[in-house]
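Fold and contact review
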Amino acid sequence: MATVTFDHATRVYPGTERPAVDQLNLHIEDGEFLVLVGPSGCGKSTSLRMLAGLEDVNGGRILIGDRDVTDVQPKDRDIAMVFQNYALYPHMSVADNMGFALKIAGTPKAEIRQRVEEAAKILDLTEYLDRKPKALSGGQRQRVAMGRAIVRQPQVFLMDEPLSNLDAKLRVQTRTQIASLQRRLGVTTVYVTHDQTEALTMGDRIAVLKGGLLQQVGTPREMYDTPANVFVAGFIGSPAMNLGTFEVKDGAAQVGSAQIPLERNVIAGMTEADGGKLTVGFRPESLDVVPAGTPGSFQVETNLVEELGSDAFLYGSLKGGVVGELSAGDSDQLIVRIDPRNVPMKGEVINVAIKAGQAHVFSAATGNRLS
Ligand SMILES: Nc1ncnc2c1ncn2[C@@H]1O[C@H](COP(=O)(O)OP(=O)(O)OP(=O)(O)O)[C@@H](O)[C@H]1O
Ligand SMILES: [Mg+2]
């Protein structure tokens, strides 16, 4: 087992100017499950492929343990990769699929058999070892792909969206299986996904990338509670955090009819470039529905209520606010978590207040966290 270190690792694809991954610095502990997450094209696969040795590193270096592997052949890095398209060999049995890499490496037959059987036991595949992939369900095929990686007993597992071919229910089931399997095996794992829920539920730590640049690294809790900038704030959490840019007057942000008091160090962090404005974020569950006229409250007109059984989310517009000044994720509306047993009608106006200490404040100019 081993640590993994990206040290200013940079990849510029031939014929492009902007690095796909720009000076990535990331240290992954021995046995850690690190999730690389971000929107499409942000450089997740490129980072993973640099670590695997499938992509040249144009600047900086990559270490596995203390060993600089920047120029080491992929086969000599002692890693195993699970891809989104895990393409099993259709004409081979499950056992042969799982043992194929060992066979190529010239491992004795008896040892291959033993390692395959061990992996099959861990993955609940024992009774399928003689079957062909076409006679398996999607989830079982995915486990065979995992098995192929496990039998190699590598120092590091690399996984690139391994669940995206599964249906929603199986994805949820399999993600818990992979997370608990990784903990049991204790093999350092770098896992790529664009799905923030997978990141939050699976990772010991999460690294968020955007446009080839690392935005923040932290535990799921840290990422959720103290996002370092507006991008991470909007990306982590579902439904997304409400974010809007508001005028600051008399030490408070003017959100609709409400004044959100700001701490002195937040105000002190403002610069000329902010133009007297700040970006304020609050999660759907950070709003309380309160009686009209409550100090610090503002009005929201109900456009739609999404009922999920255990929860309900109200999508609405800020009354007395400028249209479009407040939005959550892809929605141009304000989202409020409400009591699912007490749901307002469309058009109804509710009064909400941000719970004490639950507003996130960012620079309007840079998007960096000030609170
Ligand atoms: N072979 C290549 N040549 C030129 N540009 C590339 C090449 N491969 C990827 N890119 C570019 O590099 C950037 C990062 O790509 P990458 O595949 O790492 O993204 P990703 O985060 O894995 O995205 P996705 O979630 O869609 O898989 C993208 O802008 C992509 O267009
Ligand atoms: Mg990718």
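Just so it is clear, the model here is predicted, and its values are computed rather than measured.

Below, the discussion takes up the domain arrangement of the protein. Each assigned domain of the protein is listed here: domain 1 (4-233) and domain 2 (239-363). Computed from C-alpha atoms alone, the centre-to-centre distance between domain 1 and domain 2 is 38 Å. If you look at the interface, domain 1 gives eight residues, while domain 2 gives seven residues. When the two sides are added together, the surface that domain 1 and domain 2 hide from each other amounts to roughly 600 Å², 61% of it contributed by carbon and sulfur. The largest share of the area that domain 1 buries against domain 2 comes from Tyr224, Val230 and Ala233, three residues that together contribute 76% of it. Taken together, domain 1 and domain 2 are joined by zero salt bridges. Counting across the interface, domain 1 meets domain 2 through two residue pairs in polar contact (both at pLDDT 80 or more). Elements with a contribution of two residues or more to the side of domain 1 that touches domain 2: helix 7 (220-225) and helix 8 (230-235). Among the elements that make up the side of domain 1 that touches domain 2, the one with the highest residue count is helix 7 (three residues). Residues belonging to the side of domain 1 that touches domain 2 are distributed by class as follows: six nonpolar, one polar and one charged.

Relative to the helices and strands, Gln196 is located in helix 6 (residues 196-202). A distance of 3.1 Å separates the side chain of Gln196 from the side chain of Thr197, its partner in a polar contact. There is a polar contact of 2.7 Å between the side chain of Gln196 and the backbone nitrogen of Gly237. Those residues in contact with Gln196 that sit more than four places away from it in its chain are Val37, Phe235, Ile236, Gly237 and Ser238.

A few words now on the site of ligand 1. Neighbouring ligand 1 are the residues Tyr13, Ala20, Pro39, Ser40, Gly41, Cys42, Gly43, Lys44, Ser45, Thr46 and Glu161. Tyr13 places a polar side-chain atom, nitrogen or oxygen, 3.4 Å from a nitrogen atom of ligand 1. For ligand 1, whose accessible area on its own is 640 Å², the fraction buried by protein is 56%. When its residues are assigned to classes, the shell around ligand 1 shows four nonpolar, five polar and two charged.

A cis amide bond links Ser238 to the next residue, Pro239, at an omega of -5°. Residue placement: Pro239 occurs in the loop between helix 8 and strand 11 (242-249). Even without being a glycine, Asp78 presents a positive backbone phi close to 60°. Within the fold, Asp78 resides in the loop between strand 5 (67-68) and strand 6 (79-82). According to the relative accessible area criterion, Asp78 is partly exposed, its value standing at 34%.

With that settled, the discussion passes to the sheet that holds strand 5. Pairing in this open sheet of four strands is antiparallel, and the strands run 2-1-4-5 from one edge to the other. Strand pairing shows two members of the sheet lacking a second neighbour, strand 2 (21-28) and strand 5, which therefore form its edges. Where strand 1 (residues 4-11) meets strand 2, five bridges bridge the pair, whose relative direction is antiparallel. The residue of strand 2 that forms the bridge with Val4 is Ile28. Together, strand 1, strand 2 and strand 4 (59-64) form the strand contacts of helix 1 (residues 44-52), whose direction differs from that of strand 1 by roughly 115°.

What follows covers the pattern of salt bridges. All chains considered together, the criterion is met by twelve salt bridges. Between Asp76 and Lys75 there is a salt bridge, with its nearest N and O atoms 3.4 Å apart. The exposure class of Lys75 is exposed, given its relative accessible area of 68%. Within the structure, one salt-bridge network assembled from shared partners comprises Asp7, Arg61 and Asp68.

For strand 3 (residues 33-37) and strand 9 (residues 205-210), the ladder comprises four bridges, and the chain directions are parallel. Counterpart to Val37 in the pairing with strand 9 is Val208. Here strand 9 pairs with strand 10 (residues 213-218) via five bridges, running antiparallel. From the neighbouring strand, Leu209 faces strand 10, where its bridge partner is Leu214. What sits between the antiparallel neighbours strand 9 and strand 10 is a turn of two residues, in which Gly211 has the positive phi angle 55°.

Definitions and limits used
- Residues numbered from 1 in each chain as written.
- Chains lettered and ligands numbered in written order.
- Predicted model: local features only at pLDDT ≥ 70, side-chain atom pairs only at ≥ 80, totals over all residues.
- Heavy atoms only, no water.
- Domains from an automatic or database assignment.
- Contact = heavy atoms within 4.5 Å.
- Buried area = accessible area lost by both parts, 1.4 Å probe.
- Salt bridge = Lys/Arg side-chain N within 4 Å of Asp/Glu carboxyl O.
- Polar contact = N/O pair within 3.5 Å; in protein donor to acceptor, adjacent residues only side chain to side chain.
- Helix = DSSP H or I, 4+ residues; strand = E, 2+ residues; numbered from the N terminus.
- Nonpolar A, V, L, I, M, F, W, Y, C, P; charged D, E, K, R; others polar.
- Near = heavy atom within 4 Å.
- Areas by Shrake-Rupley, 256 points an atom, 1.4 Å probe, with all protein chains shown as cover.
- Buried < 20%, exposed > 50% of the residue type's maximum accessible area, 1.4 Å probe, protein only.
- Pairing = 2+ DSSP bridges.
- Axes fitted to C-alpha atoms, helices over the stretch in contact; angles between N-to-C directions.

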